[in-house]
Amino acid sequence: GGSGAGDTPRYGVPDVPPGPGTTSSPSKTPCLPRAASPTGTLGTHPGEGQGVTSPWVPPHPLAGFRMVGQDLAPSSCDCFVALPPHTAVPAVIFGKNADRPRHEVQEVVYVPAATHHPGDKVQCTYLEIEQVERTHAVVLSRPAWLWGAEMGANEHGVCVGNEGVWTREPVGEDEALLGMDLVRLGLERGSSALEPVEVITALLERYGQGGSCKEEPVPFVYHNTFLLADRTEAWVLETAGRYWAAQQIQEGSRNISNQLSIGREITAEHAGLRQHAHSQGWWSGDGEFSFAEAFSLTDQPPRMEAAKARYHAGRELLRQHAGHITAETLMAILRDKGSGICVDSEGFRTAGSMVSVLPRDPAVPCVHFLTATPDPSRSVFKPFVFAPGLKPAPQVISPTFRNDPAKQIPRFRSVVDRRHQLYQRHQAALELMERDEERGQKLLETLRELEKQGLEGMKALLGGTVTPHPEELADLFFDCVEAEMKFYT
């Protein structure tokens, strides 16, 4: 719905929502226009060492802790992209569920663009590497204990998400770059979908990938596949150690789910890829070369076998909606528990979700919807738009710790409480939903109404029927988070 001349654009952020369990719907009120926050306070992540170590221990200190070989290891992420003609609008639509250990907290962090000096270094999760001259502004959904991200977007309309895979190349426990570090590095350094492919593969060949991907004493190590998208195209990048293959996607739809999925449709590859596969006896050297056939394990671990079913289910869901795919379509797919795409099990669950709409028209802003809370079927996708003077959203940023167990050697010897404000309130709401089905259902309906208003406001923005004030866009994500917080009080 658009607005006529002189109307206040509606973003549907309720100002005084009802409490949990009430039946009234949120009133449709616009985002309150506020003055842009002063330059220099653009929602940066708080500096390290600001917090105090907490004695908090989870209800079951070892819940979710799994040995490397066990089936319940957190390994099931799903990434999706749809391009015209499969989309209902002239836009590329990206989505991802990040499935992680059950008690791990995912925060949403905005990092502004920055200029760096020659010789500057950047400290990633485990490794310090050379910084580049300029880094782009990014919004990241990330496990709160590490530097990188499960998924995110940058100011140029680029989205990247990763998945864990196991291949014939051995995983090393030596600390190197995590796949999640490569997601962030690609976003900070690439202004198109192709540029992060080049950034990630160059870093991979130089530094390698490795180190534990869980905040636990028992290492959990995997290699990575990536889905990258911009306003015009998408790329799938799949790796095995320092080797890689990439596939360009220019139309239709594509998904990845903890599998090597690039067969013979290779657009770019590591210079020594085929020679290495041939020398290892994984490829005869005759006929067409398939990356997935050469590098996939012959006996797949159970978690990868299970991922095959999710991969096929995701592909089928995309196929069913081909030609009509919208942001809501991808949100519904990410909420699908029957297929296993939305995970909620004893060991791990979907910790955060993201859907992005990247319009073909460069004059129209990209809109990124993020949950910042677990289980998208019971979470709210909240819109984020890059804008000058972006208002920080401290409600979705985890506390930092002076003696952080993730940064001390040996690592992960104690547990700290990384829950941010929204996570804590959402957790209480989930408990209510499970304890009192009727009140829980009413709360869920109210949250869906809040999300629907955000989606309607964004449709008006994407359709060009409203032209919001820059301050409204700068405050948008904060206001939506704040509205959700009020429902939980």
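Before reading further, recall that the structure is shown in the block above.
Residues numbered from 1 in each chain as written. Predicted model: local features only at pLDDT ≥ 70, side-chain atom pairs only at ≥ 80, totals over all residues. Heavy atoms only, no water.

One can describe the packing of helix 8 (residues 437-462) onto helix 9 (residues 470-487) by two numbers: an axis separation of 10 Å at closest approach and a directional angle of 170°. When the interaxial angle is binned, helix 8 and helix 9 end up roughly antiparallel. Touching Leu443, Thr446, Leu447, Leu450, Met458 and Leu461 of helix 8 are Leu473, Leu476, Ala483, Glu484 and Phe487, all from helix 9. (Axes fitted to C-alpha atoms, helices over the stretch in contact; angles between N-to-C directions. Helix = DSSP H or I, 4+ residues; strand = E, 2+ residues; numbered from the N terminus. Parallel < 35°, antiparallel > 145°, perpendicular 65-115°, else oblique. Contact = heavy atoms within 4.5 Å.)

Further remarks concern unusual backbone geometry. Residue Pro85 follows Pro84 across a cis peptide bond; omega there is 5°. Of note, Pro85 is situated in the loop between strand 1 (78-82) and strand 2 (91-101). Omega for the peptide link from Ile409 to Pro410 comes to -5°, which places this bond in the cis form. Assignment of secondary structure puts Pro410 in the loop between strand 18 (382-384) and helix 7 (421-435). The phi torsion at Asp375 lies on the positive side, around 60°, for a residue other than glycine. Examined against the element boundaries, Asp375 turns out to sit in the loop between strand 17 (367-370) and strand 18. Relative accessible area serves as the criterion here: at 1%, Asp375 is assigned to the buried category. A positive phi angle is found at Phe412, which is not glycine, with a value near 60°. Inspection of the secondary structure assignment puts Phe412 in the loop between strand 18 and helix 7. On the basis of relative accessible area, Phe412 is assigned to the buried category, the value being 8%. (Buried < 20%, exposed > 50% of the residue type's maximum accessible area, 1.4 Å probe, protein only.)

Within the largest apolar cluster, 61 residues are counted, with the highest numbers of intra-cluster contacts made by Phe289, Phe291, Phe295, Phe384, Val396, Leu443 and Phe477. Setting aside chain neighbours within four positions, we find Phe295 in contact with Thr167, Arg168, Glu169, Ala240, Tyr243, Leu260, Leu273, His276, Ala277, Trp282 and Phe289. Within the second largest apolar cluster, 30 residues are counted, among which are Ile129, Val183, Leu228 and Leu237. (Core = buried A, V, L, I, M, F, W, Y, C linked by side-chain atoms within 4.5 Å.)

It is worth spelling out the sheet that holds strand 10 (residues 159-165) at this point. Strands in a sheet are paired, the pairing made by backbone hydrogen bonds, and the direction either parallel or antiparallel. Taken together, 8 strands build an open sheet; the order of strands is 3-8-9-10-11-12-13-15 and the sheet is antiparallel. Each edge of the open sheet carries a strand with a single partner, namely strand 3 (106-111) and strand 15 (268-269). Across 3 bridges, the pairing between strand 9 (residues 151-154) and strand 10 is antiparallel. Bridging across to strand 10, Ala153 finds its partner in Cys159. Each of strand 3, strand 8 (138-143), strand 9, strand 10 and strand 11 (223-229) is contacted by helix 1 (residues 179-189), which is oriented at about 160° to strand 10, the strand it contacts most. (Pairing = 2+ DSSP bridges.)

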